[in-house]
Amino acid sequence: MTNVLKNKFPFARRSLCLALAGALLSPLAQADERRELEQLRATTLALIEALVGQGLLSRERADALLKQAQASPAPSVAAAPAAAAPAPSAAPANVIRVPYVSETLRAQIREEVKNEVLATAREERWADPRGLPEWVKGLQVEGDVRVRWQMEDFGTPRYAAGAAANPCYSVGGGVPAECYRVQRDSPAWAPDISNTTIDRRRMTLRARLGVTAKVSDDVQAGIRLSTGSSSGPSSASQTLGSHFNRSAMMLDRAFIRWEPRHNLRLLAGRMDRPFYGSDLLWPDDLGVEGVAGQGELDLAPGVYAFANAGAFSLEEFGTSRADKWLYGLQAGLDWALDGHTQWRVALAAYDFRDVEGRRETALPPAAGSPVAGTRTYLPSQYPANVRLKGNTLINLCPAGSEGNANVPAPCTNGGPVWGLASKFRPLNLSTGLVLRHLAPLELGINLDYVRNSGFDLADIKRRAAASGPLMDSLAEKTTGTQLRLNLGHPSLSSAGQWNAFVALRRFERDAWIDGFTDTTWHLGGTNYKGWQIGGSYAFDRRASLGLRLTSSRNLDDGVRVKLGDGTTTGTLSSAWLKIDVLQLDLSARF
């Protein structure tokens, strides 16, 4: 620092040394000068401490500057002669007189030292953000943490008279979870369900940390880590209560975004869903993997059209050509009707390619067979780590495996191994109206409708290679609808802001793939109707409390079948199941 002061700002160096020398030798000054020099000494020391505190001077350089000032003798300054002042008497040889430093001079010293030190700091890039590499300046770090208390209440089962002997065939009553899990024939519903009667209380945690880098003017790259697991794509929450074991962090987002024009974007990697719509089809935590494009086109003042398209990999096989993909295309219109009203509408078509199940005709290869491991057996199965509940399923194991314990896994004794009964080619209409007449509050009205155009009973029976009363009477239940109203501040960016909402939903069993649905409604899946009410309040500009109550129950398809023993029953799709979910959230973001 001594060399810097000497070479870069000599006047500041001399001024500081003069001030420090005078301050350190102040006991030799006269009483009226001593007070002013003490003030100068305190001011100078405070200035040095301020420079150290701001990172413009290191502590070592500041100490070296003080030592230099202590070692330097105070320079002699000739006082201007006064008109009638007597000549000063000769001072003893060992006395050093300290000149009077005016307030103006002290202010000049402070200002020049400050300006020259800051200028040198910028030149040498001591703490100047302009000295950082371009890629560092383009980094944006963000994240959030949500702690949730969740209560799950199941309705009390209502068994019909005489159902104690076989509760799985009770008419109009609730059935235990084991009744779902013993299903082996086509069609079937919710074979993985584990709880239909036991209330649950638990805490969950969701933590996300993301970084987006501006690689150039047109290119961005981003990654995000999140809690969660690989056993479900639509939720990033981690249930607490594992004897204090640590939670896993997963790669939640990893994408590259290229924006060659202001109204055109291309994305590749693992990204947020690129389509406009509600949580009826697209849960907040769901990410998609593949490539996507988004574009807008101005049509008139306040009116523009937009389009979104994408191709996303669902499942890839190294030894089969039956890879599964999702293709999507959406077009819409956004119209600012006036300064207080905005309307958006979009129509989308989706094609879940090769996700439907196909029953095998050949038995699985034995473990020691040369064929084992060279081809994928049952590639059309609906994986257990993805499916939730609701969709109609068919058993894919070949007919020859039924009751045969010698058949290799997974089709020993007929399995079962489940696949989706229907093809899924949904058409989706989404629209939303925002009213800002109560600014800063907003009123939002959103409607979402979906219909799966891929359901074909004849095609299902052919692929399932099965028949019977339940298969023959399989009804087409392929629509979903949600109406949602929101009132409040559009974003909780300041303390005291709030929002509230209410939603109504009806979601038939084969309207959408149940593994990609929101896990709050009906604890995930399809085949239910219900309502939701809730809200959030920001007690800080980056922290909020939220409360939400969701109530839902299974839909009844009205199908009743008379069994061989004379018992009349409905399908397990229509089994009585009521679930109430209460969630209390504490959230913070940065």
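The model shown is predicted, which means the values in this text are computed figures rather than measured ones. (Residues numbered from 1 in each chain as written. Predicted model: local features only at pLDDT ≥ 70, side-chain atom pairs only at ≥ 80, totals over all residues. Heavy atoms only, no water.)

## Considerations on the overall build of the protein chain
Moving on, step 1. A count of helical and extended segments in the protein chain gives nine helices and 21 strands.
Moving on, step 2. Classification of the 590 residues of the protein chain by burial places 41% in the buried group.
Moving on, step 3. For the protein chain, the computed accessible surface area is about 30500 Å², with 57% contributed by carbon and sulfur atoms. (Helix = DSSP H or I, 4+ residues; strand = E, 2+ residues; numbered from the N terminus. Buried < 20%, exposed > 50% of the residue type's maximum accessible area, 1.4 Å probe, protein only. Areas by Shrake-Rupley, 256 points an atom, 1.4 Å probe, with all protein chains shown as cover.)

## What about empty space enclosed by the protein?
Empty space among the atoms becomes apparent when a probe as large as a water molecule is rolled across them.
Moving on, step 1. According to the stated counting rule, one finds seven cavities of 30 Å³ or more in the structure shown.
Moving on, step 2. Of the pockets and cavities examined, the largest cavity occupies roughly 90 Å³.
Moving on, step 3. Every residue lining the largest cavity is counted, 13 residues in all, and those nearest its centre are Ala190, Lys389, Gly390, Asn527 and Asn554.
Moving on, step 4. Class assignment of the residues belonging to the lining of the largest cavity gives a composition of six nonpolar, six polar and one charged. (1 Å grid on protein atoms, 1.4 Å probe; cavity = no way out; pocket = protein on both sides within 12 Å on 5 of 7 lines; lining within 4 Å. Points joined across faces, edges and corners; volume = space filled by probe spheres on them. Nonpolar A, V, L, I, M, F, W, Y, C, P; charged D, E, K, R; others polar.)

## Examining the pattern of salt bridges
Moving on, step 1. On inspection of all chains with the given rule, the structure shows 30 salt bridges.
Moving on, step 2. The salt bridge partner of Asp153 is Arg201, with a shortest N-O separation of 2.9 Å. Residue Asp153 is found in strand E1 (residues 139–154), and its partner Arg201 is found in strand E2 (residues 200–214); the two are separated by 48 residues along the sequence.
Moving on, step 3. Taking the relative accessible area as the measure of exposure, Arg201 reaches 45% and is therefore partly exposed.
Moving on, step 4. The shortest N-O distance in the salt bridge between Arg451 and Glu476 comes to 3.7 Å. Remark: Glu476 occurs in the loop between helix H9 (469–472) and strand E15 (479–488) and Arg451 occurs in strand E14 (residues 442–452); sequence separation between them is 25 residues.
Moving on, step 5. Look at Glu476 and you get partly exposed, because its relative accessible area is 41%. (Salt bridge = Lys/Arg side-chain N within 4 Å of Asp/Glu carboxyl O.)

## Let's talk about the nonpolar core
Moving on, step 1. In terms of nonpolar packing, the biggest core is built from 31 residues, with Trp282, Tyr350, Phe352, Phe507, Trp512 and Ile513 touching the most fellow members.
Moving on, step 2. Looking at this core, the elements with two or more residues in it are strand E6 (264–272), strand E7 (287–300), strand E10 (341–353), strand E12 (418–420) and strand E16 (498–507).
Moving on, step 3. Counting residues per element, this core draws most heavily on E10, which supplies three residues.
Moving on, step 4. Core analysis: the next-biggest nonpolar cluster, separate from the first, contains 26 residues, Tyr377, Met471, Ala575 and Val581 among them. (Core = buried A, V, L, I, M, F, W, Y, C linked by side-chain atoms within 4.5 Å.)

## Some words on the pairing of E1
Moving on, step 1. Sheet analysis places E1 next to E2, joined by 14 bridges and oriented antiparallel. Bridging across to E2, Asp144 finds its partner in Arg208. (Pairing = 2+ DSSP bridges.)

## Some remarks on the pairing of E7
Moving on, step 1. Where E6 lies against E7, nine bridges are found, and the strand directions are antiparallel. Residue pairing in the sheet places Met271 in a bridge with Val288 of E7.
Moving on, step 2. Two strands pair when backbone bridges link them, and E7 and strand E8 (residues 303–315) are joined in this way by ten bridges, in the antiparallel orientation. Residue pairing across strands places Glu296 opposite Phe306, the latter belonging to E8.

Remember, this is a structural readout, not a statement about activity or role.
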